[in-house]
Amino acid sequence: MRAIFKQPLRNYVIGLFMLISIMGIILWTTHSNIILFGATLGVLFIIIVLIFMHVLDKYVKPLDPIIETVHEMVQGHYVTRVQQQASGKAGELSKEINILAQNLNELSTNEQIQKEQLSTIINNTESGIVLINEKGYIHFVNRKFINMFGQTTKHYHGYLYYDVLRYEEIHQVVQDIFLHEKNIKAFFAKKDHLKTSYIEVLGAPIFDENNRFKGSVLVLYDITDFKKLENMRKDFVANVSHELKTPITSIKGFAETLANGAIHNEERREEFVQIIYDESSRLQLLIEDLLTLSRLEHDGFYLHISDTDMVELVESIRPMIALKAEEKSINLNINVEDVQADLDRKKVKQVILNLLNNAINYTADKGEVSLEVTHEEKQLYIIVRDNGIGIDQELIPRLFERFYRVDQARSRNTGGTGLGLAIVKHIVELHDGHIEIDSQLGEGSSFTIMLPIERTSE
Ligand code: ADP
């Protein structure tokens, strides 16, 4: 039909039929002939059918692919397009629908990207996140929350917070937010088997655009490491105070005794003055070690690296340590390879001195202490050995803690501050080196320091 009634032929045919019908009607009204009337009606009917088919063909059929496309879009498939190119108004409509589909597709792609970015951030954040609606039902928990509190999202989503969150402190936070509609902060200890973690909860109310309360969001941080650091800092302050208190009390006590008359007793006077001198030296040593540690830990601290001759470095230490060894009749054995290394000379000297001092302090009279400096490829080895009291294997990891002493009294008697190995560890780490301790209780110890011989930067 479409082929036969192509424009403008179709219009001519329609026009011709219309002319015939009008002429038929005129003829019939003038001649009242029934056959003529019938023929006119037949022609009229054909004309109406043709007009109907024409309208259907031109205006209704092109709408089919458009309706199909809109239907697809309603279902969220924005990549769909009207494929058939119609002419006239239907064609214009197709173009507009295609533009609309393209815009909606871009919008939905952007929305999808934003959603994915948000979900990536929320799920990869280091805090647990929980969303609770205004009725108290949990809407969302992130991955970190699941890591912290166990179970799966299914266990939480859609449940009342007090049915699935087992910590009373969290309930209290949610209740306070619901009651006061303001930010609430709390803190609690979470105990799992033998492990205790410390959790901080920050809760905030959520409001919609009309400022109506819509629920709350909880952010949970694991602050165990922070808490440990805080405890270490508190312990350190307590330890420093304690360490300072002992010599100061002693100095004050003996000074008072002297002032109260002992100054006139020649024998006691000398003894007391000697004690005051020893205690103040101890105090000075402690303060020096504290200052050294504090400098080493300072962010701005840097090493003064120079090409160091190890034989020469050890020779500068020898007189300082030989005297001490002699006092205890300790046999000091020093063996140094002729090697150069990129080191902070002063700091490495302090490491060797601290280790040798310890070796002599914790070895009985007439014992053996040795220092060996050797190298292998690009690694320098500084090994200090003794055949002294040794250290219990279990206690070895604690030796580098500040003020840690295996035997408090013994360390104090030797004049130790309890900071020597903490300083050693810092200096070695600043040189990108390591320490190994090998010790047998009652048999002796060996401390091995490994340092890179060459440094690329600094
Ligand atoms: P201190 O000033 O008490 O010696 P350090 O930090 O140098 O402090 O050493 C910590 C503790 O490690 C000492 O108190 C001692 O108990 C133990 N220690 C260190 N070196 C030796 C060693 N060579 N032999 C046995 N114990 C040692």
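Please refer to the structure placed before this passage.
Attention in this report is confined to the structure presented alongside it. Just so you know, these numbers come straight off a predicted model, no measurement behind them.

We describe a pair of aromatic rings using the distance from one ring centre to the other and the angle between the two ring planes. Under the definition given, this model contains 10 aromatic pairs. Judged by centre distance (5.1 Å) and plane angle (80°), the rings of Phe 145 and Tyr 156 are edge-to-face. Of the two residues, Phe 145 sits in helix α5 (residues 143–149) while Tyr 156 sits in helix α6 (residues 153–156), which places them 11 residues apart along the sequence. Tyr 156 shares its class with Phe 145; the two are buried. Taken together, the aromatic side chains of Phe 145, Phe 149, Tyr 156, Tyr 167 and Phe 188 make up a single cluster linked through ring pairs. Taking NZ or CZ as reference, Lys 190 lies 5.6 Å from the ring centre of Phe 149, over its face.

A word on the nonpolar core. Counting 47 residues, the largest nonpolar core has Leu 371, Leu 380 and Ile 382 as the members making the most contacts within it. Counting residues per element, the ones that place at least two in this core are α10 (266–297), α11 (310–327), β8 (340–344), α12 (345–361), β9 (368–376), β10 (379–386), α14 (420–430) and β12 (444–452). Among the elements that line this core, the one with the most residues is α12, at 8 residues. Ignoring any residue separated from it by four or fewer positions in sequence, one finds Ile 382 in contact with Met 310, Val 348, Ile 352, Leu 371, Glu 372, Val 373, Phe 447, Thr 448, Ile 449 and Leu 451. Ranked by size, the runner-up nonpolar core spans 24 residues in total, among them Val 164, Tyr 167, Val 174 and Leu 218.

Relative to the 54 Å expected for 37 residues at 1.5 Å per residue, helix α4 (residues 88–124) spans 54 Å between its end C-alpha atoms, a close match to the ideal helical length. By the burial criterion, the buried members of α4 are Ala 90, Gly 91, Ser 94, Ile 97, Asn 98, Ala 101 and Asn 123. The inward-facing, buried residues of α4 abut α3 (63–74) and α5.

Turning next to unusual backbone geometry. In the Ramachandran plot, Glu 377 falls in the positive-phi region, its phi being about 50° despite a non-glycine side chain. Looking at where Glu 377 falls in the secondary structure, it is placed in the loop between β9 and β10. Positive phi is not limited to glycine here, since Asp 432 has a value of about 60°. Its location among the elements puts Asp 432 in the loop between α14 and β11 (434–440). Residue Asp 432 is classed as exposed on the basis of its relative accessible area, which comes to 56%.

Moving on: the site of the ligand. In the region of the ligand, 20 residues are neighbours, and Asn 358, Tyr 362, Ser 411, Gly 418 and Leu 421 sit closest. At a separation of 2.9 Å, a nitrogen atom of the ligand approaches a polar side-chain atom of Asp 386. Of all the secondary structure elements, the ones that give two or more residues to the shell around the ligand are α12, α14 and β12. The class makeup of the residues in the shell around the ligand is 10 nonpolar, 8 polar and 2 charged.

A few words on the environment of Val 201. Its location among the elements puts Val 201 in strand β4 (residues 195–207). Given the relative accessible area of 0%, Val 201 is considered buried. Residues Val 201 and Tyr 78 lie 123 residues apart in sequence; the distance between their C-alpha atoms is 42 Å.

How each quantity is defined
- Residues numbered from 1 in each chain as written.
- Predicted model: local features only at pLDDT ≥ 70, side-chain atom pairs only at ≥ 80, totals over all residues.
- Heavy atoms only, no water.
- Phe/Tyr/Trp six-rings, centres within 6.5 Å; stacked < 30°, edge-to-face > 60°.
- Helix = DSSP H or I, 4+ residues; strand = E, 2+ residues; numbered from the N terminus.
- Buried < 20%, exposed > 50% of the residue type's maximum accessible area, 1.4 Å probe, protein only.
- Lys NZ or Arg CZ within 6 Å of the ring centre and 35° of its normal.
- Core = buried A, V, L, I, M, F, W, Y, C linked by side-chain atoms within 4.5 Å.
- Contact = heavy atoms within 4.5 Å.
- Expected span 1.5 Å × (residues − 1).
- Near = heavy atom within 4 Å.
- Polar contact = N/O pair within 3.5 Å; in protein donor to acceptor, adjacent residues only side chain to side chain.
- Nonpolar A, V, L, I, M, F, W, Y, C, P; charged D, E, K, R; others polar.

Remember that the coordinates give geometry; whether it matters functionally is a separate question.
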